Amino acid sequence: HAQFQDGSTVSIQPSETSLRLVHGSPTAGDVDIWANAAVKLADTFQFTDGLPPATVASGTYDIQVTAVGGDPQNPLLEFTDVTLGPGALTVAAYDDGSPTILGVPDDLSAPATGAFRVRAIHIADGIGQVDIWETTGPSPLWVDLDFGAYGDYLELDAGQYNIGIDLDNDQVP
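1. A look at the side chain of R119
Then comes step 1: Here R119 shows up in the loop between β11 (115-118) and β12 (121-122).
Then comes step 2: Of note is the side chain of R119, whose polar atom sits 2.5 Å from the backbone oxygen of P105.
Then comes step 3: Polar contacts involving the side chain of R119 include one to the main-chain carbonyl oxygen of G151, which spans 3.0 Å.
Then comes step 4: The contact partners of R119, leaving out residues within four places of it in the chain, are V104, P105, D106, W142, Y150, G151, D152 and Y153.

2. A closer look at the environment of A88
Then comes step 1: Mapped onto the elements of the fold, A88 is located in strand β9 (residues 87-95).
Then comes step 2: Linking A88 and N169, residues 81 residues apart in sequence, is a C-alpha distance of 33 Å.

3. A few points about the sheet that holds strand β17 (residues 163-166)
Then comes step 1: Taken together, the three strands give an open sheet; going across it, the order is β14-β13-β17, and neighbouring strands pair in antiparallel fashion. A strand with exactly one partner marks an edge of an open sheet, and here the two such strands are β14 (139-145) and β17. Between one strand axis and the next, the sheet turns through 20° on average, direction left out of account.
Then comes step 2: Across four bridges, the pairing between strand β13 (residues 130-134) and β17 is antiparallel.

4. Some points on a nonpolar patch on the surface
Then comes step 1: Judged by side-chain polarity, I127, I165 and L167 come together as a nonpolar surface patch covering roughly 260 Å² of accessible area.
Then comes step 2: Mapped onto the elements, I165 comes out in strand β17.
Then comes step 3: You can call I165 partly exposed: its relative accessible area is 47%.

5. Some details on the sheet that holds strand β10 (residues 99-105)
Then comes step 1: The strand order across the open sheet formed by four strands is β6-β3-β9-β10, and the pairing between neighbours is mixed. Each end of this open sheet is capped by a strand with a single partner; those strands are β6 (54-57) and β10. Pairwise comparison of adjacent strand axes, ignoring direction, gives a mean angle of 35° for this sheet.
Then comes step 2: With four bridges joining them, strand β3 (residues 16-24) and β6 adopt antiparallel strand pairing. In the strand pairing of β6, S18 is matched with T55.

6. Remarks on the pattern of salt bridges
Then comes step 1: Evaluation of the coordinates by the stated rule reveals four salt bridges.
Then comes step 2: Here K40 makes a salt bridge to D32, at a shortest N to O gap of 3.5 Å.
Then comes step 3: Of the residues examined, D32 reaches a relative accessible area of 1% and is grouped as buried.
Then comes step 4: Measuring nitrogen to oxygen at the nearest pair gives 3.7 Å for the salt bridge that ties D107 to R117. A residue pair is termed long-range when its members are at least 10 positions apart, and D107 in the loop between β10 and β11 and R117 in strand β11 qualify at 10 residues.
Then comes step 5: D107 sits in the partly exposed class, given a relative accessible area of 35%.
Then comes step 6: Overall, the relative accessible area of 14% leaves R117 in the buried class.
Then comes step 7: Through salt bridges that share partners, D32, K40 and D43 make up one connected network.

7. With respect to the nonpolar core
Buried together is how nonpolar side chains tend to be arranged in soluble globular proteins.
Then comes step 1: Membership of the largest hydrophobic core comes to 16 residues, with the highest contact counts inside it found for L19, L21, I33, F45, Y61, I63 and L84.
Then comes step 2: Those elements that place two or more of their residues in this core are β3, β4 (31-35), β5 (39-45), β7 (59-67), β8 (77-84) and β9.
Then comes step 3: For Y61, the contacting residues outside a window of four places in its chain are A35, N36, V56, F79, T80, D81, V82 and L84.
Then comes step 4: Counting six residues, the second-largest nonpolar core is a separate cluster that includes A120, I132, L141 and L145.

8. Topic: the packing of aromatic side chains
Then comes step 1: Inspection of the entire model under this criterion finds two aromatic pairs.
Then comes step 2: Relative to F147, the ring of Y94 lies with its centre 5.2 Å away and its plane at 85°, an arrangement referred to as edge-to-face. On the criterion of sequence distance, the pair formed by Y94 in strand β9 and F147 in the loop between β14 and β15 (149-150) is long-range, its members being 53 residues apart.
Then comes step 3: On the basis of relative accessibility, which here comes to 6%, the residue Y94 falls in the buried class.
Then comes step 4: Classification of F147 by relative accessible area gives partly exposed; the value is 24%.
Then comes step 5: Geometrically, the ring pair formed by F116 and Y161 is edge-to-face, given 5.8 Å between the ring centres and 65° between the ring planes. Linking F116 in strand β11 with Y161 in the loop between β16 (154-157) and β17, this pair joins segments that are 45 residues apart in sequence.

What counts as what
Residues numbered from 1 in each chain as written. Predicted model: local features only at pLDDT ≥ 70, side-chain atom pairs only at ≥ 80, totals over all residues. Heavy atoms only, no water. Helix = DSSP H or I, 4+ residues; strand = E, 2+ residues; numbered from the N terminus. Polar contact = N/O pair within 3.5 Å; in protein donor to acceptor, adjacent residues only side chain to side chain. Contact = heavy atoms within 4.5 Å. Pairing = 2+ DSSP bridges. Axes fitted to C-alpha atoms, helices over the stretch in contact; angles between N-to-C directions. Patch = residues over 30% accessible without salt bridge, like charges linked within 9 Å, V, L, I, M, F, W, Y side chains within 5 Å. Areas by Shrake-Rupley, 256 points an atom, 1.4 Å probe, with all protein chains shown as cover. Salt bridge = Lys/Arg side-chain N within 4 Å of Asp/Glu carboxyl O. Buried < 20%, exposed > 50% of the residue type's maximum accessible area, 1.4 Å probe, protein only. Core = buried A, V, L, I, M, F, W, Y, C linked by side-chain atoms within 4.5 Å. Phe/Tyr/Trp six-rings, centres within 6.5 Å; stacked < 30°, edge-to-face > 60°.

This is the structure we're talking about:
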């Protein structure tokens, strides 16, 4: 049993995957997302939306993306043979010249007392490599994070942070 920062909880059995979806493709518009053309995973999923985790059976799936209300047998886009193993996964869709998905394994273990865990996922279309800074220090949190990549988890003391993104490697977020 694990609780996410947004308050959602999930209990995962060894044969299940906790799956969270993120829509990061500005050109895709609103979509529905299906598994094996039978189970609707997301309804009217909009750019910048993220869904709370859902528990699904581990296994291999074909994922269909349709226009809202579209037929999953005739998808706009299909990702075949997507394997979901036991554990937790965030799947982020983004546009890298063509629609792409990025699977990011999630760590659901509890952070140390008085701390929280955070990671950066870079799917901002049209922006190359970035550095992400805590700006009051200032100190870099992730350096040279490529588009379509994610950083390692950081465990930080609970508190307020000011975060900035350096787009041009000048150490100024």
